[in-house]
Amino acid sequence: TDAAGSAETDATGLRTPIVAVLGHVDHGKTTLLDTVRGSAVQEGEAGAITQHIGATAVPLDTIGEMAGSLVDPDDFDLPGLLFIDTPGHHSFSTLRSRGGALADIAVLVVDVNDGFQPQTLEALDILKRTETPFVVAANKVDTVPGWNPQGHVPIQQSIDAQSDRAEGDLNDRLYGIIGEMSDNGFSSDMYWRVQDFRANIGVVPVSAKTGEGIPDLLTVLMGLSQRYLKEDMSVDVAGPGAGTVLEVKEERGFGTTIDIVLYDGTISADDTVVVGGKNEPIVTEVRALLQPRPLAEIRTEKQFEKVDSVAAATGIKVAAPDLDDAMAGAPVRVVRDRPVEEVIEAVEAELSQIDVETADN
Ligand code: GDP
């Protein structure tokens, strides 16, 4: 497979940053994820975007095509972005990796009409506590009175096409958001004025509905990752996989399966894995690694296709015996050439850490 092939030639590789989408209910998280998926499908050549289990991968080339002059793919060596499909801070908090947040970066969605709401503040608290870099997507710009929708274009191009009045109205709302950020202890500015995205949070005006500003959002996430996360993205591609359980699911023909996000190394169809369980770590043999079939094939074929091996970062379904007691949020570790006791201990240690942190909340 690709994963194994590249691992032989280049043991250390850069993985895709994992992106989470947070924000208050109805501010547009689900719509934003749908638009990122849909627009990437339109822009990219067939197969450029890959639907993973529980996540959507947007390759750098696709971001480049979408973002036009905003992005020169030569400026980046990270392979793209992996969006976790389940939005919201509940999933963000339960999905952890080695004690930290599973997501490397986040998008905080704020409705420009509604401003900061209770779950916006909760999300900000979580982002602060986990020290997760993030950007603000100031969503629903198309609802500004008199807005003239421009479709899937960079936001400056769209703003240039608006009346002075609509532009002024949008600016008032954006400065409202920047003011609320400041009230909550975050310095922020329009993303095109931000030099240091660690000191100053970028605000990206978008419409998840029309696609305006989506190229900018992807570009900013890519730039932020490249500049500040690159070292963290360096993984041992050939090494034993490490991941987090997204969901435990019954699957016809496979029994209980786990959907995982792999954030390090490789998992193969003949691996032994240790999975965090309700009572104790589960040691089991992978029976199959399953990916969703491309949409075009779904009607005629089975829902999943088997793969031999995948490398981080990726979402994958693992079918294996004895997974009934597996837990969402629990760690998954490939054993490979290590003593299994060592891996069990590592999983136990991580589980106890998760328990402590949940008790704190
Ligand atoms: P979530 O609860 O944060 O996931 O919010 P949803 O994505 O479900 O969106 C809530 C509602 O807002 C839905 O009716 C969406 O169609 C609508 N919505 C989301 N984004 C936009 C946008 O950019 N513009 C407009 N006009 N409506 C939007």
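Residues numbered from 1 in each chain as written. Predicted model: local features only at pLDDT ≥ 70, side-chain atom pairs only at ≥ 80, totals over all residues. Heavy atoms only, no water.

## Re empty space enclosed by the protein
Part 1 of the reasoning: Per the counting criterion, the structure on display carries one cavity of 30 Å³ or more.
Part 2 of the reasoning: The computed volume of the largest cavity comes to approximately 30 Å³.
Part 3 of the reasoning: Lining the largest cavity are Ala-20, Val-21, Ile-84, Thr-86, Pro-87, Gly-88, Ser-91, Phe-92 and Leu-95.
Part 4 of the reasoning: Contributions of two or more residues to the lining of the largest cavity are made by strand E2 (18-23) and helix H4 (89-94).
Part 5 of the reasoning: Looking at side-chain class alone, the lining of the largest cavity contains six nonpolar, three polar and no charged residues. (1 Å grid on protein atoms, 1.4 Å probe; cavity = no way out; pocket = protein on both sides within 12 Å on 5 of 7 lines; lining within 4 Å. Points joined across faces, edges and corners; volume = space filled by probe spheres on them. Helix = DSSP H or I, 4+ residues; strand = E, 2+ residues; numbered from the N terminus. Nonpolar A, V, L, I, M, F, W, Y, C, P; charged D, E, K, R; others polar.)

## A short note on the environment of Ile-63
Part 1 of the reasoning: Along the chain, Ile-63 falls in helix H3 (residues 60-67).
Part 2 of the reasoning: Looking at Ile-63, the relative accessible area reads 0%, which means it is buried.
Part 3 of the reasoning: For the pair Ile-63 and Ser-91, spaced 28 residues apart in sequence, the C-alpha separation works out to 25 Å. (Buried < 20%, exposed > 50% of the residue type's maximum accessible area, 1.4 Å probe, protein only.)

## A look at the pattern of salt bridges
Part 1 of the reasoning: The tally for this structure, following the rule as stated, stands at 14 salt bridges.
Part 2 of the reasoning: Between Asp-271 and Arg-336 there is a salt bridge, and its shortest N-O distance comes to 2.9 Å. Taken as a pair, Asp-271 in the loop between strand E15 (266-268) and strand E16 (272-275) and Arg-336 in the loop between strand E22 (331-334) and helix H9 (340-360) lie far apart in primary sequence, 65 residues in all.
Part 3 of the reasoning: Residues participating in the shared-partner salt-bridge network are Lys-249, Glu-251, Asp-259 and Lys-317. (Salt bridge = Lys/Arg side-chain N within 4 Å of Asp/Glu carboxyl O.)

## Considerations on the site of the ligand
Part 1 of the reasoning: Neighbouring the ligand are 15 residues, the closest being Asp-26, Lys-29, Thr-30, Thr-31 and Asp-142.
Part 2 of the reasoning: The element that contributes the greatest number of residues to the shell around the ligand is helix H2 (residues 29-43), accounting for three residues. (Near = heavy atom within 4 Å.)

## Re the sheet that holds strand E17 (residues 282-285)
Whether parallel or antiparallel, the strands of a sheet pair through hydrogen bonds between backbone atoms.
Part 1 of the reasoning: Pairing in this open sheet of eight strands is antiparallel, and the strands run E17-E16-E22-E13-E14-E21-E18-E19 from one edge to the other. On the outer flanks of this sheet lie E17 and strand E19 (304-307), each paired with one strand and no other. Geometrically, the sheet is characterised by an average inter-axis angle of 40 degrees between neighbouring strands, direction not taken into account.
Part 2 of the reasoning: Strand direction decides the pairing type here: strand E14 (residues 255-264) and strand E21 (residues 314-319), joined by six bridges, are antiparallel. When the bridges of E21 are listed, Asp-259 appears paired with Lys-317. (Pairing = 2+ DSSP bridges. Axes fitted to C-alpha atoms, helices over the stretch in contact; angles between N-to-C directions.)

## Side note on the pairing of E22
Part 1 of the reasoning: Alternating residues of E22 divide into Pro-331 and Arg-333 and Val-332 and Val-334, and every residue in both groups is buried.
Part 2 of the reasoning: Sheet analysis places strand E13 (residues 242-251) next to E22, joined by three bridges and oriented antiparallel. In the strand pairing of E22, Gly-243 is matched with Val-332.
Part 3 of the reasoning: Relative to E22, E16 is paired through three bridges, and the arrangement is antiparallel. Along E22, the bridge assignment pairs Val-273 with Val-334.

## Focus on unusual backbone geometry
Glycine aside, negative phi is the norm for most residues, and most peptide bonds take the trans geometry.
Part 1 of the reasoning: Ala-312 connects to Ala-313 through a cis peptide bond whose omega is -5 degrees.
Part 2 of the reasoning: Structurally, the position occupied by Ala-313 is in the loop between strand E20 (309-311) and E21.
Part 3 of the reasoning: Positive phi values are uncommon outside glycine, yet Lys-140 reaches one of about 70 degrees.
Part 4 of the reasoning: The exposure class assigned to Lys-140 is partly exposed, which follows from its relative accessible area of 24%.
Part 5 of the reasoning: Its identity as a non-glycine residue notwithstanding, Asp-322 has a phi of 70 degrees, on the positive side.
Part 6 of the reasoning: Turning to its location among the elements, Asp-322 is positioned in the loop between E21 and E22.

## What about the nonpolar core?
Part 1 of the reasoning: The biggest cluster of nonpolar side chains holds 67 residues, and the ones touching the most others in it are Phe-83, Val-107 and Phe-134.
Part 2 of the reasoning: With residues up to four places along the chain from it excluded, the contact list for Val-107 reads Val-19, Ala-20, Val-21, Leu-22, Leu-32, Val-135, Ala-137, Leu-217 and Leu-221.
Part 3 of the reasoning: Residues Ile-267, Ala-326, Val-332 and Leu-351 belong to the second largest nonpolar core, which totals 26 residues. (Core = buried A, V, L, I, M, F, W, Y, C linked by side-chain atoms within 4.5 Å. Contact = heavy atoms within 4.5 Å.)

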